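Spelled out, the chains give:
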Amino acid sequence: MYKLHTTCRACGTGNPVLKTLKQSTAAGTVYDLAASLVPVFDLGPMPLANDFCGPDDERAGYAPLKVMLCPNCGLAQLSVVVSPQVLYRNYPYVTSNSATMRKHFADIRYDIGEEAGDFKGVLEIGSNDGTLMLFLQEHGAKCIGIDPATNLTEIANKRGAYSLGTMFDAYSADLIVTTHGKPDVIIGRHVFAHVDNWKSFVRCLELVSAAHTLICLEVPYVIDQLDSVSWDQVYHEHLSYVSVRAVDSLLHGTALRLHKVKHYGIHGGSIMLMLRHRESEEPVNESVAKFIEQENASADRWAAFSIEARRRIDQLASFIRARATEGKMVVGYGASAKSTQWLNACKLHKSEVRFVCDNTPQKQYKTCPGSEIPVADEGALTRELPDYAVCFAWNFAEEIIAKEKIFHDKGGKWVIPVPQIKVL
Ligand code: TYD
């Protein structure tokens, strides 16, 4: 189900085959490629965060969940890679169509337009159910999507977002170029951190893009994750915790370079890495150097993160257990991947958290990975009126709290786990 990962996917550190080799970077630093990745955060064996199963489905099981830090380029990455065939076989994660997300789509469309002008041809990698493509098409773009989750590309195609249900690799990149030509813009939202072989991914980007193509990769930003101790974003799908510095190191010696970096509040803090071909005449934006200069994702920071994460896990577990002992009803809101992390790290049971409600049909009436807590529809919150609802979709907390006003008006309390555990 998984393989060990010991070689940094950005700079190659940890590769025993390269023991005697040294690599000089443009900045003149000499990397010892044989140095080992350093463990910085270990959650032990954990279930796969999106393995929501019905009564007849077979669970994928558990895999180690440990973050390792590259001593050279500073990339944090998991110690194992779970097979994508297992992780994405019937993927229930659907791009949110919430107001927060629609506002974000408008923001990124504007920012991409600033660089790419009145762009038309768009390739979206990891296009999910086509939500972003449909938004861009409404604004005149001509999109093609690609995603290995065929259950979602089927939905996308029915909705009018033309999508290929396959992995983005050299073969599909070639097929796209032959049948559709090279796009003006390539977008990969929350897909790059899920990719194991970055070098091959970059080669495929080189293949599918032209000299004028703007490549936009949106990833959760490791500095925001460290700042807010959003440890619940550490799960098997997130193979890397991305910094600008690590991507800069990855791109050395390739046809691509960093062009600009934009920061957004979405998903607890994300960055859009804008890449261009080296032959592009557009000057590198000053944001690239600024981000790299300010980044501090050292082993010490990860050590502090690890201690604080454990403290918060204990805090939430004790809070929920104490309420359950008092006879209070506690539920979860948002069967996010993050909910799986909290429920399992806190070792919570359905006698303590009765259900988790969620608006995704692909998750409803299934049970949560590991904890086996049932997933209910969103309406369950106002039907059952629990005493407490833990907002596991804390990245949408503002919108959810406003939407579920009745719950709060009738005396229900929200528990928000990130960036600080608080009760509202
Ligand atoms: P999200 O934070 O996007 O993802 P992840 O799985 O990466 O942690 O997940 C939010 C979940 O919350 C998703 O399953 C949909 C659900 N949700 C609701 O049920 N109601 C809402 O109003 C919103 C915004 C999300």
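Not measured: the values here are computed from a predicted model.

Undergrad: How would you summarise the site of the ligand if you had to cite specific residues and measurements?
TA: Near the ligand there are 20 residues, and of these Ala337, Lys338, Asp358, Asn395 and Lys403 occur at the shortest range. Contact between the ligand and asparagine 359: an oxygen atom at 2.8 Å from a main-chain N or O atom of the residue. Surface burial for the ligand is 93%, taken as the share of its 570 Å² of free accessible area covered by protein chains. Going through the elements one at a time, α11 (337–345) and α13 (397–403) are the ones with two or more residues in the shell around the ligand. Of the residues in the shell around the ligand, the class split is eight nonpolar, seven polar and five charged.

Undergrad: Any details on the packing of aromatic side chains? Residues and values, ideally.
TA: One pass over the structure, following the stated rule, counts 14 aromatic pairs. Here the aromatic rings of phenylalanine 168 and phenylalanine 201 are separated by 5.6 Å at their centres, their planes lie at 75 degrees, and the arrangement is edge-to-face. Of this pair, phenylalanine 168 sits in the loop between β10 (163–164) and α5 (170–180) while phenylalanine 201 sits in helix α6 (residues 198–208), placing them 33 residues apart in sequence. By relative accessible area, which is 13% here, phenylalanine 168 ends up buried.

Undergrad: Break down a nonpolar patch on the surface for me, citing the residues and quoting the values.
TA: A contiguous nonpolar patch, built from Met1, Tyr2 and Leu4 and spanning about 320 Å² of accessible area, is present on the exposed surface. Tracing the backbone through its elements, the reader meets methionine 1 in the segment before β1 (2–4). Residue class for methionine 1 comes out partly exposed when judged on its relative accessible area of 37%.

Undergrad: Please provide a residue-by-residue account of the side chain of threonine 360, values included.
TA: Along the chain, threonine 360 falls in the loop between β17 (356–357) and β18 (375–376). At a separation of 2.5 Å, a polar atom in the side chain of threonine 360 contacts the side chain of aspartate 358. Residues in contact with threonine 360, not counting those within four places in the same chain, are Pro92 and Val94.

Undergrad: An account of the nonpolar core is requested, with residue identities and associated values reported.
TA: Ranked by internal contacts, the top residues of the largest apolar core, which has 131 residues, are Phe168, Leu273 and Trp302. Counting residues per element, this core draws most heavily on helix α10 (residues 299–325), which supplies seven residues. Core analysis: the next-biggest nonpolar cluster, separate from the first, contains nine residues, Leu48, Ala60, Val82 and Leu87 among them.

Undergrad: Go over the pattern of salt bridges with me, naming the residues and quoting the values.
TA: In this structure the tally under the stated criterion is 20 salt bridges. The partner of lysine 260 in a salt bridge is glutamate 114, and the shortest N-O contact between them spans 3.9 Å. Here lysine 260 is found in strand β14 (residues 256–264), whereas its partner glutamate 114 is found in helix α2 (residues 99–116), with 146 residues between them in sequence. With relative accessibility at 49%, the residue glutamate 114 sits in the partly exposed group. Residues participating in the shared-partner salt-bridge network are Glu114, Glu115, Lys260 and Arg276.

Undergrad: Any chance you could break down the sheet that holds strand β6 (residues 76–78) for me, citing the residues and the numbers?
TA: One key point about sheets: their strands pair by backbone hydrogen bonds, in either a parallel or an antiparallel sense. Strand order in this open sheet of four strands is β4-β5-β6-β13, and the pairing throughout is antiparallel. Single-partner strands in this sheet number two, and they are β4 (38–47) and β13 (240–241). Judged from the eight bridges that link them, β4 and strand β5 (residues 62–69) form a sheet pairing that is antiparallel. Residue pairing in the sheet places proline 45 in a bridge with proline 64 of β5.

Undergrad: Could you give me a rundown of unusual backbone geometry, with the residues and numbers involved?
TA: Geometrically, the link from valine 418 to proline 419 is a cis peptide bond, its omega value of 5 degrees lying close to zero. We note that histidine 267 has phi near 55 degrees; this positive angle belongs to a residue other than glycine. The residue histidine 267 is located in the loop between β14 and β15 (270–277) in this model. What makes histidine 267 buried here is its relative accessible area of 11%. Unusually for a residue other than glycine, leucine 385 sits at a positive phi of about 40 degrees. Along the chain, leucine 385 turns up in the loop between α12 (380–384) and β19 (388–391). When its relative accessible area of 34% is taken as the criterion, leucine 385 is described as partly exposed.

Undergrad: How would you explain the sheet that holds β15 if you had to name every residue and give the values?
TA: Taken together, the seven strands give an open sheet; going across it, the order is β10-β9-β8-β11-β12-β15-β14, and neighbouring strands pair in mixed fashion. Among the strands making up the open sheet, the edge pair consists of β10 and β14. In terms of strand pairing, strand β8 (residues 121–125) meets strand β9 (residues 142–146) through five bridges, oriented parallel. Residue pairing in the sheet places glycine 121 in a bridge with lysine 142 of β9. Set on the sheet, α2 makes contact with β11 (185–189), β12 (214–220), β14 and β15; between it and β14 the angle comes to about 140 degrees. Set on the sheet, helix α9 (residues 287–294) makes contact with β14 and β15; between it and β14 the angle comes to about 70 degrees.

Cut-offs applied
For every chain, the first residue of its written sequence is number 1, and the numbers climb from 1 along that sequence. Restriction of local features to residues with pLDDT of at least 70 applies here, the model being predicted, together with a cutoff of 80 or more for giving and counting side-chain atom pairs; totals for whole chains, interfaces and linings are based on all residues. For the side-chain quantities, the full set of heavy atoms in the structure was used; hydrogens and water were omitted. Any residue with a heavy atom positioned within 4 Å of a molecule or strand is treated as near that molecule or strand. What qualifies as a polar contact is a pair of N or O atoms within 3.5 Å, subject to a donor-acceptor requirement within protein and to the restriction that residues adjacent in sequence count only when both atoms come from side chains. Surface accessibility in these figures is a Shrake-Rupley result with a 1.4 Å probe; residues are shielded only by whichever protein chains are displayed. Helix and strand assignments come from DSSP, with helices taken as H or I runs of at least 4 residues and strands as E runs of at least 2, each series counted from the N terminus. Gly is placed with the polar residues, together with every amino acid not listed as nonpolar (Ala, Val, Leu, Ile, Met, Phe, Trp, Tyr, Cys and Pro) or charged (Asp, Glu, Lys and Arg). Stacked, tilted and edge-to-face are the three classes assigned to paired rings of Phe, Tyr and Trp, where Trp is represented by its six-membered ring and a pair needs centres within 6.5 Å; plane angles under 30 degrees give stacked, over 60 edge-to-face, the rest tilted. The buried label goes to any residue with under 20% of its type's maximum accessible area, the exposed label to any with over 50%, and the partly exposed label to all in between, with areas taken from a 1.4 Å probe on protein chains only. Two joining distances apply to patches: 9 Å for like charges and 5 Å for nonpolar side chains (Val, Leu, Ile, Met, Phe, Trp, Tyr), and every residue must have over 30% relative accessible area and no salt bridge. Here, a salt bridge means any side-chain nitrogen of Lys or Arg that lies within 4 Å of a carboxyl oxygen of Asp or Glu. The contact criterion used throughout is that any non-hydrogen atoms of two residues lie within 4.5 Å. Buried Ala, Val, Leu, Ile, Met, Phe, Trp, Tyr and Cys residues form a nonpolar core when they are joined through side-chain atoms within 4.5 Å. Pairing between two strands is assigned when DSSP locates at least 2 bridges connecting them. Lines fitted to C-alpha atoms define the axes here, with helix axes fitted over just the stretch in contact, and angles between the N-to-C directions of these axes take values from 0 to 180 degrees.

As far as function goes, none of this settles anything; it's purely spatial.
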